[in-house]
Amino acid sequence: MKKIVITTYFLLFSIIMLGQTTVEVSGKVVDNDSGIPIPGVNIIEKGTTNGTMTDFDGNFVLEAPANATLVISYLGYTTQEININNKSEIDIALQQGAAALDEVVVVGYGTQKKVNLTGSVASVDGDMLESRAITSVSAGLSGLLPGVSVRQSSGMPGADGGTIRIRGTGTLNQASPMVLIDGVEGSLNDVQSNDIASISVLKDAASAAIYGSKAANGVILITTKTGKYGEPTVNFSSDIGWQSPTKLPDYLGSYDYATLYNEALENSGKAAKFSEEDLELFRNGSDPFGHPDTDWQDLLYQGSGFVMTNNFGISGGSDFTRYRASINHQKQEGIIKHTGKNEYNGRLNLTLTPKKWLTTNMNLSYTQMDREQPNNAYVGGGIDQIIRQANRIAPWIPYKNEDGTYGTISDGNPIAWLDMGPQINYLRKTFVGIGSVQVDLMKGLNVKALVSHRNVESDNSEMNKEIQYNPSKYHGPTKLLEDLSSSTRNTLDLTANYFSTLNEVHNVAVLAGYHAESFNYKRTTAYRENFPSTELPNLDAGSTNGMKNSGYTRDLNMVSWFGRINYDFDGRYLLEANVRADASSRFAEDNRVGVFPSFSAGWRISEEAFFENAKSIFNDLKLRASWGQLGNQDALDDYYPTIPTLGLGADYPFNSTITPGAAVINAKNEALIWEKTTSYGLGLDTRIFNRLDLTVDVYKKLTEGIIMQVPAPNEFALNNFFDNVGKLDNKGIEATLNYRDTFGDLDFGFGANLAYNKNELVQLAGTDQIISGRQIRQLGKSLDAWYGYKTDGLHQSQAGIDNYPTNTIYGNQIKPGDLRYVDTNGDGEVNADDRVLLGNSTPNFNFGFNLNLGYKNFDLLALFQGATGAYGYMDFDAIGAVNGDAQKPSAIWLDRWTPTNTNTSVPRLVDGIYGPSMPQNSTTSYWLRSTDYLRMKNLQIGYNIPQNILESWNISRLRVYYSAQNLFTVTNYLKGWDPEAPSGRGSSYPVVMTNSVGLNLTF
């Protein structure tokens, strides 16, 4: 037996040694179609790290076992495996794969190969969203697509969606893009990131004209995941995380505030409020009720910030049927107590192919989101006042007194409002049903019918509970407002598609279609007060005295005809024409139909014979040009802007008796038409060394006939009416760069995008400018620019003030240490005529870049996003002021000007909020701060559990990861404030950072 074992051992050893005989293999790798050598191809001995790369001429040399298998891979080509079989020379021809030339992009009413696109379309794969722990789809798009800016100004659970602009702001009205999910108009709130297969953004008229009157602000097309052929696949993903504010203002405590308050009173010629004994008690904290040091920020942000998302999906298919079903649940608890949401989503995609020529599809989805927030007893309206008062209330006001009652100011106590629990509830239910039938009549010709029904039900309630803070302070009575609304959109789309190739070089595709839709909206509100208890949130419990109710319904209808023709000659010369005619019930009969055409062309230079020698470097090179017109009917918040309506309550005296009556109160304009946007564009697409993709676009977008309200002639005694009186111009440039390569076991990817947009008002309701608060709309300038006084440092002495142009705004209030206002028109005095444009309110540069790394079972994603060219303005509530109990200063005032601290830019202290250096009364350049920023939008580190560990559990894939959103921000904005937060008094819910861990599991 021993001899058998020894003999077997030596036999196996000999076989292994024979298998380990190495040979030197050389050869060349070329493109299968052109025969052009391919540099940088990876050639790896399978199962090892032994490998090499081809040189510039496609040559390689590698030592490997004589019976080894070589794996040849290159981005954009199909990977091959070749057995050496003792060969010393191997030549390899790689076939271009679908990723290189056949990548398909979703466009309006269909798909196109990316290389054949003539319009400007940006796309992102759903995997880029699915792999991240995000709470809204809009937030996930930030920084990914050129020309698509996303401003996420709030982290409020259930209301943290970003504001999206495509190629700038194109109107003075509603400027958000149209969103379609599986071809049906909807909202980004209708879909979860785990269900998204791809997102396409149609940015110019050439790509978006097929949607006509709703496409002026761009179009976002979302395609959800469907089942694939094969055995059932089960996917489960879960992540849990915790949120915290990205930035919070730093307000001073009682001792510092009291010290500064005494100084401000002294500057105003008043007696000090606090004695040295008071200051010492504030400092040492020995009198917590008489001399408290309340940290209102700490009391406000005591929510857990917990967020959890779970998603379960199952998919599969056969020749007859394909299916995918998913359910999703997300629970979010805010960083402020009693703010949160519970959201449930379900989706079913079912495709049946009973015959080769017949395809049917059913797509059902349901979303229910229930969110809550606290309310304030002061004015109601939600959490805004709670945050504002917490930012303002002085630290020497106690949260609670020694007897357990609340400390208050005249407005109340913001934490007492939190203690009353959630008082505002929002419940939204959305159901979308889509059904379609497609019949292939003959080769190249199919017809399709699609119907959809989308219903949104909202049930919102706001309770404003009475509260007795202490024996001398009360807010009430208890009030309740119920707000119920529902909207329904039904659509029908009929399309016919035809494709044909003639003589192998003429490719023609034709689309013709019809669209009809009806939209219905209904709203009912009811109000009561004087409830016997704050724990009875039912209308019937309130008093009927003073009760109110209201309600109305609205209807809109539209029918459309559209068509598209695509032609290409031998894949070199590309032409596309689109047209859509929309008839909308919003407009008078004579102006009801709008026609929106577009034309675009492309030239694939890389397919020309003269370019053959350069193709080894520039694998693809295409020039594009486009022109088109788009419309905007959603600029109107009036459903019937051309139909005169009667208002009740117009009483008339007849025979000395007052008689109830009605009268026309709103002027209407039957000549009103669509806003029309004309778009021009030039583009270049290229692929270099089959690794680097570069796209550059230049565009101009002019919106004419912008709908604005203008006053009716005085003699008619009517309210304002809508008219087409505005014009706005946008022009810009966009660039996208993507690079991918493999170095042994390391997969490397880098992407970057940059967009510049210049916005200019060309026409404005017959006037040169409209001033609104701190902002101005002025011809020839950017929309809603900041408008106010330029300042030039601080006054350092009374002599300097006397020798400076007279400030007629504040007169003798100007003292050393105050801002020095610039006399911009040089007339010797500073007044309202010296106001000038101070800066843009929206960025003109938006950019993003990402890094993808994969090493063996590890992966890393780092996504950065930023913007430049804009400014923000924070009011006195945000920076703080010295103004008694109802205000407190921020840390910025520690470096204030004093006679002994003149080397500073911070003005002197004043007692109040309306001093010449405060931001409240006059808008000045000093308080206008650049919002330029660079943010790490997402960092994710993942690990795939090795397959040999998972096999025994029948698990196909298990990935665990750490993810962070808004991990850090680089900015010089006002300290303590996020650069994406809204300007103003700083009472919005903070932008949040999220740290989470999760897993993706596939069976």
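Residues numbered from 1 in each chain as written. Predicted model: local features only at pLDDT ≥ 70, side-chain atom pairs only at ≥ 80, totals over all residues. Heavy atoms only, no water.

(A) Local environment of the sheet that holds strand E4 (residues 59-65). Taken in spatial order, the three strands line up as E4-E1-E7 in an open sheet, and their pairing is mixed. Among the strands making up the open sheet, the edge pair consists of E4 and strand E7 (92-94). Adjacent strand axes in the sheet meet at a mean angle of 35° when their direction is disregarded. Where strand E1 (residues 22-31) meets E7, three bridges bridge the pair, whose relative direction is parallel. Note that in E7 the partner of Val-29 across the bridge is Ile-92. (Pairing = 2+ DSSP bridges. Helix = DSSP H or I, 4+ residues; strand = E, 2+ residues; numbered from the N terminus. Axes fitted to C-alpha atoms, helices over the stretch in contact; angles between N-to-C directions.)

(B) Quick look at the packing of aromatic side chains. Under the defined criterion, the tally for this structure stands at 28 aromatic pairs. Between Tyr-261 and Trp-396 the ring centres are 6.1 Å apart and the planes differ by 20°, which places this aromatic pair in the stacked class. With Tyr-261 in helix H6 (residues 254-267) and Trp-396 in the loop between helix H9 (384-392) and helix H10 (414-419), this pair connects stretches of sequence that are 135 residues apart. Taking relative accessible area as the criterion, Tyr-261 reaches 10% and is therefore assigned buried. (Phe/Tyr/Trp six-rings, centres within 6.5 Å; stacked < 30°, edge-to-face > 60°. Buried < 20%, exposed > 50% of the residue type's maximum accessible area, 1.4 Å probe, protein only.)

(C) Focus on helix H7 (residues 276-284). Among the residues making up H7, those that are buried are Asp-278, Leu-279, Leu-281 and Phe-282. Buried residues in H7, looked at end-on, bunch into an arc of 160°, giving them a common side. What points out from H7, more than 90 degrees from its buried face, is the exposed set Glu-276, Glu-277 and Arg-283. Following H7 by one or two positions, Gly-285 has its phi on the positive side, about 70°. (Arc of directions from axis to C-beta.)

(D) Region of the structure containing the pairing of strand E28 (residues 543-569). Where strand E27 (residues 506-529) and E28 come together, 23 bridges link them in antiparallel fashion. Directly across from Asn-507, in E28, lies its bridge partner Asp-568. Bridge count between E28 and strand E29 (residues 573-584): twelve bridges; the pairing is antiparallel. Each bridged residue has a counterpart across the sheet, and for Tyr-567 the counterpart in E29 is Leu-575. Once E28 ends, the chain turns through three residues before running back antiparallel as E29, passing Asp-570 with a positive phi of about 55°.

(E) Broad picture of a nonpolar patch on the surface. Together, Leu-441, Met-442, Tyr-498, Val-510 and Ile-565 make up a nonpolar patch on the protein surface, roughly 460 Å² of accessible area in all. Take Tyr-498: it is sitting in strand E26 (residues 479-502). (Patch = residues over 30% accessible without salt bridge, like charges linked within 9 Å, V, L, I, M, F, W, Y side chains within 5 Å. Areas by Shrake-Rupley, 256 points an atom, 1.4 Å probe, with all protein chains shown as cover. Salt bridge = Lys/Arg side-chain N within 4 Å of Asp/Glu carboxyl O.)

(F) Molecular detail of the nonpolar core. Among the nonpolar cores identified, the biggest contains 69 residues, and Leu-300, Ile-336, Trp-396 and Trp-893 are the most heavily contacted of them. Where this core is concerned, the elements lending two or more residues are H6, H7, helix H8 (296-300), H9, H10, strand E24 (467-470), strand E45 (819-821) and helix H12 (876-879). Non-local contacts of Trp-396, meaning those with residues more than four positions away in its chain, are made with Ser-254, Tyr-257, Ala-258, Tyr-261, Phe-274, Phe-282, Pro-292, Gly-884 and Asp-885. With 24 residues, the next largest nonpolar core counts Met-128, Leu-145, Val-191 and Leu-861 among its residues. (Core = buried A, V, L, I, M, F, W, Y, C linked by side-chain atoms within 4.5 Å. Contact = heavy atoms within 4.5 Å.)

(G) Expanded view of the environment of Gly-880. Within the secondary structure, Gly-880 is located in the loop between H12 and strand E51 (928-930). Separated by 80 residues in sequence, Gly-880 and Val-960 have C-alpha atoms that sit 45 Å apart. Once you skip the residues sitting within four places of it in the chain, Gly-880 turns out to touch Tyr-251, Gln-887, Lys-888, Pro-889, Ser-890, Trp-893 and Met-918.

(H) Seen up close, the side chain of Asn-850. Tracing the chain through its elements places Asn-850 in strand E48 (residues 845-855). A polar contact is formed between the side chain of Asn-850 and the side chain of Asn-852, at a distance of 3.2 Å. (Polar contact = N/O pair within 3.5 Å; in protein donor to acceptor, adjacent residues only side chain to side chain.)

(I) Main features of the sheet that holds strand E10 (residues 121-125). Strands sit in the order E10-E15-E16-E13-E14 across an open sheet of five strands; the sheet is mixed. Either end of the sheet is taken by a strand with one partner, and the two such strands are E10 and strand E14 (184-185).

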